[in-house]
Amino acid sequence: MSDRLLVGQAASGASRPQRARILLAVSRDENRSLLAETLGSEHEIVEGRPEDVSPEEVDLCILDPQTLAKKDDAFEALKERAGSVHLPFLLVIPERNLSGSDVWRQISAQFPPGVDDLIRTPVSKAELRGRLQSLLRVRRQSASLGRQRERLDRLNRVNSVIREVNAALVGAKSREEVEERVCTRLSNAGPYCYVRICEPRATRDALTVSTEVGDLDDPPNPETTTNGDRSQATAAWRAFTDRETLAAELNPENAAEFYGETSSTWRQWADSGDVRGFACVPIRYRDTVYGVLEVYTTETDAFDEEERSVLDELGQTIGHTINAVESKRLLLTNGATEIELRIVDADDALLGLAAAANAELRLEGVTGTDPSVEFFTVTDGDVETFLERAADSEPIARQRLVRETDDGALVQLVFEEESIAETLTDLGTTVDTLVVDEHGATAVALLPQHGDVGTCMRGLRERYDDVGLRSRRQIERRPLTDEDFVSAAESDLTNRQRNVLKAAYLAGYFDQPRESSGKDVATSLDISSATFHQHIRAGERKLVSKLFDNVTFSGGT
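In this report, the structure presented in the accompanying data block is examined. Every value quoted in this text rests on a predicted model; they were computed, and no experiment measured them. (Residues numbered from 1 in each chain as written. Predicted model: local features only at pLDDT ≥ 70, side-chain atom pairs only at ≥ 80, totals over all residues. Heavy atoms only, no water.)

### Topic: helix 1 (residues 29-39)
Part 1 of the argument: Looking at helix 1, one finds that the buried residues are N31, L35, T38 and L39. Considered in projection along helix 1, the buried side chains sweep an arc of 85° and stay on one side of the axis. (Buried < 20%, exposed > 50% of the residue type's maximum accessible area, 1.4 Å probe, protein only. Helix = DSSP H or I, 4+ residues; strand = E, 2+ residues; numbered from the N terminus. Arc of directions from axis to C-beta.)

Here it is as C-alpha cells:
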C-alpha cells in the first residue's frame, strides 16, 4: 500500500502489555488485517460495529479518519455509555493528512470530541505498543477509581443505615423488639435484600430463625443445614462458633463450601432472587454469642474489609443492647429465675488465690468494669497471706485491706481480666451471692422469669473447666418503688439527721459550687461545725446504704 501503516520491529526485550480487548474500526481491510495480526498475539481483537458493541466488551478502540467520520454518532454514544470508566480512542492518521505543527486543532476541526490520542503512519510496532500501554494504563486507573467510588458510595450507605439501626435500638424493651428493629431497618433502608437473625437451640446443635425481613420468598431454613455434622459446613454456623464475621460472594464454586449438602437448594434460592453476596455476623457481647445476623445483597463486589468491619461492630452493638435489655427486664419484672451454680477452674485468678491462701471469701459488691473493682469479706483464712498472694497474681492489678469487721476483713481487688462476677453479669444475670473457697465458687444468680438458662450455662462452660447447675427455681418479688425507698430512708434516719440533711439541701450545701458552707448551715441550726459534719455523714451513709442494699426476694435473698 502507498501509505505504509507499520514499519520496523518491536524493540528487543520490550515488556508485554496487559492483555486487553481492542475494537479495530479501520476502513481499509488490509490495514485492519495487519493490525489484527500485529496485536492479536498480545491482545484480544473484538469484531463488530461500534453501535453493536457494549462498553463492557472493549478496553480500547483504534480508528481511522474515514471510520470516525462515518460513525461519529455511534462512537460518541459508545463513549457516553462507558460512563465514568474511561474508554480510550486511538486515531491512526496518515502523515500526509496533517500539515503544520498544530495537529490537535486540525483534529478538533475535523472530528467530534472523544479522540484521546493519535498516531501518524507509518508507525513502528514499538511505538504502537507504547501508545497502547499508555492508554490502557489510564483505562485501568479509571476503572480502579470507579470501583473505589462504588465501594465508598456503598460504605457510606451502609454507615448511614447502621446509624439508623443504632438510633432505632434506643428504647427497645425486649429482645424480640431489638431483632425486629434491626432487620427492618437493614432491609428497608440498606443495600440488603434479605435480613434475618438466627438463634441457637437449647441443645446447641442447630440454629433456628427468630426474625426475618425481606422481599425474597421461602429461603432455606437453617435447621436443615445446621444439624449434626452438617452444621460445620454452613456459613452461619461457622460465624456462630468461631465468633467471627464471615462474608463472600455467592456462586456455584463456593456454594458447597458455605452451605454443605444443601448447597443446590441455596443456589436455587439465590438465583431466584438474584442474590450475589452474603455476610454472617455473630451477635455477641463479650464471651456470649446470642445468635447470627445474616444479610444478603443483590450487588456484586460487596462486603469488602471495611463493610465487614462495620457489620462486625453492629453485631457487637446488637449483643450489647440485648444484654442491657435482658438485665433491665430482670429489674422491672415481679418474678425471676434463681439458679445456684458451682464453678471450678484451676486457672481462674480468684479461685487460685482462695486455694493458695486456704481462705473463704464472700462477695460484697462490684463497682465499674474495665477494670472490675470488687469487694470481698475474707471470712476464713489469714488475710495478710491472701493479700500477699494477690500482690503476686498477674490478673490482679491492685489489692488492699479496707477495714477489719466483725465478720472478717473487707478487701478490695481490682481485676485485669474478667472475673467470675463480671462473667455472670455479662451473661445477663444479677449476682445475688458469691462465695469462694479452696474448692471452688458457689454462686446464686438471678435471671428474668423467662430468661434463657441454657445460654447462660453454655457461656459459663465455655469460660470455666467445670460448671454445675445445682438448682433452679422461680421466685416472686416486689420491686422497690420510690415510695418504698423514701419510707425506708425516713424510718432509718433520726430526727436530728433528717433536719440537718434537709437544712443542708435547702441551703444549697449539695450544689456545685456550694451556695452555703458547712459552717453556714451549722450556724443556722445553732450547732457546731463538728456536730453538723457528724450528722451529715451519718445521714448520707444511711441513704447510700438504702440505695445499694441487696433487694430481698420472697423465698430467698
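### Side note on the environment of R284
Part 1 of the argument: The residue R284 is located in strand 11 (residues 277-285) in this model.
Part 2 of the argument: In this structure, the C-alpha to C-alpha distance between R284 and N323, residues 39 residues apart in sequence, is 9.2 Å.
Part 3 of the argument: Those residues within four positions of R284 in sequence are excluded, and the remaining contacts are R243, V289, D312, G315, Q316, G319 and H320.
Part 4 of the argument: A distance of 3.2 Å separates the side chain of R284 from the side chain of D312, its partner in a polar contact. (Contact = heavy atoms within 4.5 Å. Polar contact = N/O pair within 3.5 Å; in protein donor to acceptor, adjacent residues only side chain to side chain.)

### Concerning a negative patch on the surface
Part 1 of the argument: Residues D382, E384, E388, D392 and E404 make up a contiguous surface patch of negative charge.
Part 2 of the argument: Tracing the sequence through the fold places E404 in strand 16 (residues 396-404).
Part 3 of the argument: Since its relative accessible area comes to 56%, E404 is described here as exposed. (Patch = residues over 30% accessible without salt bridge, like charges linked within 9 Å, V, L, I, M, F, W, Y side chains within 5 Å. Areas by Shrake-Rupley, 256 points an atom, 1.4 Å probe, with all protein chains shown as cover. Salt bridge = Lys/Arg side-chain N within 4 Å of Asp/Glu carboxyl O. Lys, Arg positive; Asp, Glu negative; His and termini not counted. Charge placed at Lys NZ, Arg CZ, Asp CG, Glu CD.)

### Section: the sheet that holds strand 4 (residues 60-63)
Two pairing modes exist for strands in a sheet, parallel and antiparallel, and in both the strands are linked by backbone hydrogen bonds.
Part 1 of the argument: With respect to topology, five strands assemble into an open sheet ordered 3-2-4-5-6, the strand pairing being parallel. The open sheet is flanked by strand 3 (44-46) and strand 6 (117-121), the only strands paired with a single partner. Taken over all neighbouring pairs, the strand axes of this sheet differ in orientation by 25° on average, direction set aside.
Part 2 of the argument: By the bridge criterion, three bridges tie strand 4 to strand 5 (residues 89-94) in an arrangement that is parallel. (Pairing = 2+ DSSP bridges. Axes fitted to C-alpha atoms, helices over the stretch in contact; angles between N-to-C directions.)

### Here's the deal with unusual backbone geometry
Part 1 of the argument: With an omega dihedral of 5°, the bond running from Q512 to P513 counts as a cis peptide bond.
Part 2 of the argument: Mapping P513 onto the fold places it in the loop between helix 16 (495-506) and helix 17 (518-525).
Part 3 of the argument: Even without a glycine there, the phi angle at N358 is positive, about 50°.
Part 4 of the argument: For N358, the location among the structural elements is in the loop between helix 11 (349-357) and strand 14 (360-367).
Part 5 of the argument: We note that D526 has phi near 60°; this positive angle belongs to a residue other than glycine.
Part 6 of the argument: Considering the arrangement of structural elements, one finds D526 in the loop between helix 17 and helix 18 (529-548).

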